[in-house]
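# Close look at the chain arrangement
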Amino acid sequence: MSDLTSLNLHRAIQGLRQGEFSCRELIQAYLERIQLLDLDLNAYLFTDPEGALKQAEAADQRLAEWRKFPQTELPPLLGIPLAVKDILCVKGMPCTCGSKILEGFVPPYHATAVERLLAAGAIILGKTNTDEFAMGSSTENSAYGVTRNPWNRERVPGGSSGGSAAAVAARLAPVALGTDTGGSVRQPASFCGVSGLKPTYGRVSRYGLVAYGSSLDVVGVFGREMQEIALIYELMAGVDPRDATTVDLPVPHIDLNQNIELSNLRIGVPKEYFLPGMQPQVEQAIREAIRHLQALGAQVEEISLPHTEYALPVYYLIAPAEASANLARYDGIRYGPRLSAATMWDIFYRTRGEKFGAEVKRRIMLGTYALSAGYYDAYYGKAQKVRTLIKQDFERAFQTVDVIAAPIAPTTAFPIGEHTDDPLAMYLEDVFTLPANLAGVPGLAFPVGFDQQGLPIGMQLMGSYFQEELLFRIAHAYQLTTDWHLRTP
Amino acid sequence: MSLTREQVDHIARLARLNLSDEERERYREQLSAILDHFQRLQELDTEAVPPTFRAVESQRAPRPDQVQDSLPRAELLSNAPEVEQNQFRVPPILD
């Protein structure tokens with residue numbers, strides 16, 4: 001049997017059903033690879049080999065019964081391994097959010113996205129590394145050590161969902177869940193040479209997702225091929241009574257095997273996303289990918305999203321402001337470690353002061369300031385108004401084009417340690433991903449080339465609200481005629 | 001835009017964060033630089049622009065108010081650092 005971890009999701013599903021290999025063999029193959037590679041990569045913060053193998057045996061039994069009655073329905077993901085970013089609750093597995101303040105916390109319930117995938121038959125291999133509370137662009141802000149980029153161990157994998165991106169790139173999981181508040185799925189997908197979806201805001205329930213920036217957070221997914229991502233997305237998406245921000249729209253089944261016709265497609269390329277300081281090979285690869293879509297029949301035109309440059313200050317006021325409120329719950333009273341003190345107030349001060357990491361404290365401080373009396377209008381209030389202008393840029397653009405194609409980051413994966421002393425330089429890594437979050441539109445990342453050092457380059461397609469399927473179709477057409485997504489480190 | 005030591009202390013107090021002297025100074029410098037960079041927002045005239053609180057409004061009606069079971073108390077207390085008589089234990093909060 002060739003290496004089972006090299007199969008794509010649909011081949012794995014097919015192989016399990018046809019009895020080419022058992023679920024136990026499939027799970028074992030991933031567990032062995034994790035054991036072999038992850039000491040070095042640190043993509044996983046927690047793995048559950050016994051639990052996963054136990055579920056594999058149950059899946060094998062179910063498959064054996066099904067083969068006797070193959071006309072009956074099987075759960076669509078039966079026996080398929082999955083990695084979950086350690087910021088989504090999985091009942092019974094530790095959830096640290098990359099923070100010391102949640103060390104030892106074991107959630108008593110599943111996140112809705114996780115619950116739906118488990119109900120579809122998925123088997124969770126473990127929890128993946130993240131910047132603390134998803135605040136970061138490199139996983140260097142994890143309290144449990146940086147994740148290394150599988151393409152070059154001295155480089156970051158991106159962040160904040162760097163563990164999930166690295167796990168898929170290194171084939172330590174076929175698919176993995178991430179979250180995207182300001183680019184945290186798309187940027188690590190780009191840095192690790194995999195594909196990743198940030199759905200429309202409100203499309204996937206956040207129940208059981210540890211909140212960072214509540215007006216921005218979405219649950220997303222990593223994989224290699226569009227069919228993999230589309231299937232996981234389709235199973236997670238949809239209204240949830242436990243998350244009032246989910247939108248009640250039907251989730252149609254996505255079949256990418258239908259004929260793909262790009263000739264009526266209008267692609268906009270925003271001129272503000274090509275900056276003089278960006279790495280030349282990144283720009284070249286993006287331009288080349290756009291030419292490729294053009295060769296497949298799409299019409300390409302330059303467009304303008306004039307408020308793009310303001311997305312950085314808007315995001316870094318709104319997200320920290322929301323974070324400062326969301327993270328008020330970590331007080332050492334109900335969960336997590338407690339530093340002892342004579343008064344309850346001192347428990348708060350000590351526990352939060354010592355257990356939050358530097359970037360989380362920085363954002364809490366920034367957000368608290370932006371919301372404080374006398375500064376609210378100038379900072380938070382102003383940011384929310386400029387957010388409207390950014391959103392209107394997208395609404396205007398989607399009157400003339402169907403999708404927007406753009407770079408994800410100005411550079412490929414940067415060296416570990418490069419930005420750790422300069423928070424503003426780290427924030428600047430996010431300039432191209434923040435606007436989609438502020439506007440709430442979906443964004444899909446996929447690999448379109450490599451730089452001279454062999455580091456992957458990704459491109460994003462942004463669509464109008466709930467246009468995920470269109471993004472999948474275009475990227476699928478691209479992947480059918482290119483092989484960047486099939487390269488492995 | 002330069003924050004003072006007093007402003008940093010005030011923010012840290014509002015956020016209930018114990019900070020070392022070194023952290024206070026570092027955050028004072030870094031937050032000042034970040035806020036400086038953010039001054040560019042003031043270039044834009046937003047007098048007539050409404051704020052966006054959330055990118056997509058779900059437009060859903062509130063669900064009916066029905067009694068349902070919540071998670072078992074023992075499970076919710078299982079993560080608490082200190083428990084007494086089935087409750088979270090804290091130091092006295094009133095004198």
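Higher on the page you've got the structure.
Chains are numbered independently. Their residues run from 1 in the order of the written sequence. Written order determines the labels here, with chains lettered from A and ligands numbered from 1. Local features in a predicted model are, by the rule used here, given only for residues with pLDDT of at least 70; side-chain atom pairs are given and counted only at 80 or more, and totals for whole chains, interfaces and linings are based on all residues. Only heavy atoms go into the side-chain values, all of them from the structure, while hydrogens and water stay out.

### Thoughts on the packing of aromatic side chains
Residues and elements named next belong to chain A.
- Pairing of aromatic side chains requires ring centres within 6.5 Å, counting the rings of Phe and Tyr and the six-membered ring of Trp. Pairs whose planes differ by under 30 degrees are stacked, by over 60 edge-to-face, and all others tilted. As enumerated under the stated definition, the model contains 19 aromatic pairs over all chains in all.
- Ring geometry for Phe450 against Trp484: centres 5.9 Å apart, planes inclined by 50 degrees, an arrangement best described as tilted. On the criterion of sequence distance, the pair formed by Phe450 in strand E10 (residues 443–450) and Trp484 in the segment after helix H15 (468–480) is long-range, its members being 34 residues apart.
- Each residue's exposure class comes from its accessible area (1.4 Å probe, protein chains only) as a fraction of the maximum for that residue type: buried when under 20%, exposed when over 50%, partly exposed otherwise. A residue is classified by how much of its surface remains accessible, and Trp484, at 24% relative accessible area, is partly exposed.
- By the ring-pair criterion, three or more aromatic residues cluster together here, those being Phe105, Phe133, Tyr330, Tyr335 and Phe356.
- Here the basic side chain of Arg287 rests over the ring of Phe274, its NZ or CZ set 3.8 Å away from the ring centre. Runs of E in the DSSP output that reach at least two residues are strands. Runs of H or I that reach at least four are helices, and both are numbered from the N terminus. Any Lys NZ or Arg CZ found within 6 Å of a ring centre and within 35 degrees of that ring's normal is scored as a charge over the ring.

### Here's the deal with empty space enclosed by the protein
Residue and element names in this part refer to chain A.
- Here a cavity is any set of points on a 1 Å grid over the protein atoms alone where a 1.4 Å probe fits but cannot get out, and a pocket is any open set with protein on both sides within 12 Å along at least 5 of 7 lines; a residue lines the site when it has an atom within 4 Å of a point. Grid points are joined across faces, edges and corners, and a volume is the space filled by probe spheres set on the points. The tally for this structure, following the rule as stated, stands at two cavities of 30 Å³ or more.
- Put simply, Ala, Val, Leu, Ile, Met, Phe, Trp, Tyr, Cys and Pro go in the nonpolar bin, Asp, Glu, Lys and Arg in the charged bin, and everything else, Gly too, in the polar bin. Looking at the lining of the largest cavity residue by residue, the class counts come to five nonpolar, seven polar and two charged.
- There is about 30 Å³ of room inside the second largest cavity.
- Around the second largest cavity sit Ser190, Val282, Ile408, Ala409, Thr411, Thr412, Pro456, Ile457 and Gly458, which together line it.
- The element that contributes the greatest number of residues to the lining of the second largest cavity is strand E11 (residues 456–463), accounting for three residues.
- In terms of residue class, the lining of the second largest cavity is built from five nonpolar, four polar and no charged.

### Notes on the packing of helix H2 (residues 23–41) of chain A against helix H3 (residues 49–68) of chain A
All names here are of chain A.
- Their axes nearest at 8 Å, the elements H2 and H3 cross at an angle of 160 degrees. When the interaxial angle is binned, H2 and H3 end up roughly antiparallel. Remark: the crossing between H2 and H3 carries right-handed chirality. For the pair formed by H2 and H3, the contact residues are Cys23, Arg24, Ile27, Gln28 and Leu31 on the first element and Pro49, Ala52, Leu53, Ala56, Glu57, Ala59 and Asp60 on the second.
- Broken down by class, the residue content of the contact of H2 with H3 amounts to eight nonpolar, one polar and three charged. All axes are obtained by fitting lines to C-alpha atoms, using only the stretch in contact for helices, and the reported angles, taken between N-to-C directions, cover 0 to 180 degrees. Oblique is the label for any angle not under 35 degrees, not over 145, and not in the 65 to 115 range, which are roughly parallel, roughly antiparallel and roughly perpendicular in turn. By the definition used in this description, the sense in which the near helix is turned from the far one sets the handedness, with an anticlockwise turn below a right angle giving left-handed and a clockwise turn giving right-handed. Any pair of residues with heavy atoms lying within 4.5 Å of one another is described as a contacting pair.

### Here we look at the side chain of A:Thr246
- Structurally, A:Thr246 can be placed in the loop between helix H7 (226–236) and strand E7 (266–270).
- For the purposes of these results, a polar contact is taken to be a pair of N or O atoms within 3.5 Å, where, inside protein, one atom must be able to donate a hydrogen and its partner to accept one; residues adjacent in sequence count only when each atom of the pair is a side-chain atom. Of note is the side chain of A:Thr246, whose polar atom sits 2.8 Å from the side chain of B:Arg60.
- Once residues within four sequence positions are removed from consideration, A:Thr246 is found in contact with A:Gly202, A:Val204, A:Ser205, A:Gly238, A:Val239, A:Asp240, B:Ser58 and B:Arg60.

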